[in-house]
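Residue-level structural notes
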Amino acid sequence: MLEFLKRLFNPEPSSVTARERLRLVLLSDHLALAPDVVESLKADLIAVISKYVDVDAAQCDVTFEQQDRVVAMLANIPILGMKPAARAPRPAPPEPPPMIDAAPASATVADAPDVPDAAVAPVAPAAPKPRRRRRRRTGVNAAPAHG
Amino acid sequence: MSARRIVVTSGKGGVGKTTTTANLGAALALRGKRVVLIDADIGLRNLDLVLGLEKRIVFDIVEVVEGRCQLRQALIKDKRFGESLSILPAAQTRDKTAVTENQFAKVIDDLAEMCDYAIIDCPAGIEHGFRNAVAGAREAIVVTTPEVSAIRDADRVIGKLNERGLPIRLVINRIRPDMVRSGDMLSVEDVCEILSAELLGIVPDDEDVIDTTNRGEPIALRAESRLAGIYEKIARRLEGEIVPFTALNAPNFLSRFLGRKAG
Amino acid sequence: MHELREDPLPAAPPAQQPRGRCIVVTSGKGGVGKTTTTANVGVALAATGARVVLIDADVGLRNLDIVLGLEARVRHHVLDVLEGNAELDDALVSDKRVPSLKLLAASQTREKDDVDTNAFRGLVEKLRERFDYVLIDCPAGIEKGFQNAIVGADEAIIVCTPEVSAVRDADRVVGLLGERVKITLIVNRLRPALVRRGKMLSVDDVNAILRLPLLGVIADEPGVIISTNKGEPLALDANSPTGDAYRKIAGRIAGTDTSAPEIPREASFLDKLFGGQR
């Protein structure tokens, strides 16, 4: 509705519309015409994402689409699982208290070895969970490049 | 001493390649250069018609390539320019597959020995006819109008020319300053920015072009037309001169009322 | 011994949808208005409720999408469908403004030679089963692109401007289309003032050479450039005289308008005073 009102009271000159549409359509045309660039982009993208998750490289797909007033890159990257290094380290289970013979009632508590509080291995601060990347939208605003 | 070999192309049809080829050739010839214009639009020839030479065609480029005549026999001299302007017509009853790229390039090579400028009028499209026309060229002039489809096609053709390493210069044809002012047409700046090509010329829309084409007279010969001056400037720029672009004013109220264009 | 018995008459086949019409919009000469015509006639036909599909046959230099304002919605193209890389329904682009109109775009990165003629013919046949009108926007020229575009069409609209080059090229195309195709003519970009002053061919001059049934005449006007800038075909504009001309052309194609095409008149004194022709 707002768009409609904007257009009604401040109609954009058609040359401005034309310029904008041309910019986008030429960007799409250029991307479609540069398959080697797209392949390199795809390879680099898979390499980066593979640092965090295992991906099915054969099924990865990168396409470009025009959405509203931007050209968007759509990456479809099937994820097979988390990489071991990327898993947040789990806290070690608490050590069970050491087995001791039942002390005679009179045994001083002092005889019992000190039982520290439930031993917890020092925990490093939780590593930030890597974001699951299944789709990545990037607005591309570059001027069209010529080969 | 070999000629400059220039292809005039666009991708989009109907933007003024043939008009530009004919008039640029005429303007160069008027400056004393020896010019040969080659019509690469086999099957839909029009360069002859635009120059009013259609009745003088005896042989065409296909017959040259097939060895049925000598190159010189196929050239038609335009007597209005003394010895300075000739055309090599296309065939009308064949199509663009009648000539290969190598054959076309050889014809241009041969022509380049006998003139200062070999200017090739490229057909619309980016297929066989385009590849032939470009095969013999060392430079390109891309013609576009300030319209969305034309610019898109020009962009595509510029990409193809870049692949072949041809230097490119742009002619923006049929611009209407009144529509640019009212925001209804892309401006010269818009077009140059979108296509990123060096500007060679800006030619306004002019109803006299239709009349002169009807008569087979290149408008470059009509001294009173502002387009003659514009094509002369384009020729000078092509020769390497720095020539500023004319500011195009919209026809004023009175001239619109009286039906004439100003300036 | 079995009695020979006559088989009962087979049941009448279910009433079949009449096959849609396939019309190619061609010219020979580039830049005379084929794409604009295809877009506007298609829109005008679909606006009456007819199911229309527009096919862009200009592989490598597509523009039907951008003239219609649908360029952002194209995902697949004709070659994707012909080569089995996309389903037809995924390739058909819908137009929200005109629900019964669909676009089948051309590839921007391939070449006209890549289109297999027989496969294209098969596609056209398939589309004729589903649509009332299949309009094909033909590229300039008379080579493979043209030859593919005309295959499967039994009607053609020649678009011609009143200029010597365009008439000459149209004449060549008429010759190439041959006898089997029903051909009609649209004269585009007429400038009545120039015709009056003897500086432009008249419609009669054009048709004295082409000798085709006249479908319509469209005057040259800045509105067409503006409509392409915006991606809004004039046939959608109820106030546009050019839109009106296209609507009448659609009516003549459909057989609902039996009026003779009007020759546009020169802009009046008042038109000139207030800004030239609409």
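Please refer to the structure higher up on the page.
Residues numbered from 1 in each chain as written. Chains lettered and ligands numbered in written order. Predicted model: local features only at pLDDT ≥ 70, side-chain atom pairs only at ≥ 80, totals over all residues.

**So, the overall build of chain B**
Along the backbone of chain B there are twelve helices and eight strands. Compactness check: chain B gives a C-alpha radius of gyration of 18 Å against a globular reference of 18 Å for 263 residues, within 12% of the reference. Each principal axis of the C-alpha distribution contributes one length, and for chain B these read about 60 × 40 × 35 Å. By residue count, 55% of the 263 residues in chain B fall in the buried class. (Helix = DSSP H or I, 4+ residues; strand = E, 2+ residues; numbered from the N terminus. Rg over C-alpha atoms; globule rule 2.2 N^0.38 Å. Buried ≥ 20, exposed ≤ 12 C-beta atoms within 10 Å, placed from the backbone.)

**Some words on the packing of helix α7 (residues 164-177) of chain C against helix α9 (residues 203-210) of chain C**
Residues and elements named next belong to chain C. The contact between α7 and α9 brings their axes to 10 Å, and the two run at 30 degrees. Seen along the crossing, α7 lies across α9 with a hand that is right-handed. Only Val206, Ile209 and Leu210 of α9 make contact with α7, whose side of the interface consists of Val167, Ala170, Asp171 and Val174. Here the residues of the contact of α7 with α9 sort into six nonpolar, no polar and one charged. (Axes fitted to C-alpha atoms, helices over the stretch in contact; angles between N-to-C directions. Left-handed = near helix turned anticlockwise from the far one by under 90°. Contact = placed C-beta atoms within 7 Å. Nonpolar A, V, L, I, M, F, W, Y, C, P; charged D, E, K, R; others polar.)

**Considerations on the sheet that holds strand β1 (residues 21-26) of chain C**
Residues and elements named next belong to chain C. Overall, mixed pairing links the eight strands, which are arranged β3-β4-β2-β5-β1-β6-β7-β8 in an open sheet. The open sheet has two free edges, formed respectively by β3 (93-94) and β8 (214-219), since each of these has just one partner strand. For strand β6 (residues 155-160) and strand β7 (residues 182-190), the ladder comprises six bridges, and the chain directions are parallel. Counted as the bridge partner of Val159 is Ile186 from β7. Strands in contact with α7 are β1, β6 and β7; relative to β6, the strand with the most contacts, it is inclined by about 165 degrees. (Pairing = 2+ DSSP bridges.)

**A few points about the nonpolar core**
A general trend in soluble globular proteins is that nonpolar side chains are found buried together. If you look at the biggest cluster of nonpolar residues, it comprises 181 residues, and the most contacted ones within it are B:Ala118, B:Ile120, B:Val142, C:Val134, C:Ile136, C:Ile158 and C:Cys160. Once residues within four sequence positions are removed from consideration, C:Ile136 is found in contact with C:Val24, C:Val25, C:Ile55, C:Ala57, C:Ala149 and C:Ala153. (Core = buried A, V, L, I, M, F, W, Y, C linked by C-beta atoms within 7 Å.)

**Some remarks on the environment of C:Asp114**
All names here are of chain C. Along the chain, the position of Asp114 falls in the loop between β4 (101-104) and α5 (117-130). Under the C-beta neighbour-count criterion, Asp114 is labelled partly exposed, with 15 such atoms within 10 Å. Linking Asp114 and Ile23, residues 91 residues apart in sequence, is a C-alpha distance of 22 Å. Setting aside chain neighbours within four positions, we find Asp114 in contact with Val59 and Leu79.

**Focus: the pairing of strand β1 (residues 4-9) of chain B**
Residues and elements named next belong to chain B. Here β1 lies mainly inside the structure; five of its six residues are buried. Bridging between β1 and strand β5 (residues 117-121) involves five bridges; their strand directions are parallel. Bridge assignment links Val7 to a residue of β5, and that residue is Ile120. Pairing geometry for β1 and strand β6 (residues 139-144), over four bridges, is parallel. Of the residues in β6, the one forming a bridge with Val7 is Ala140.

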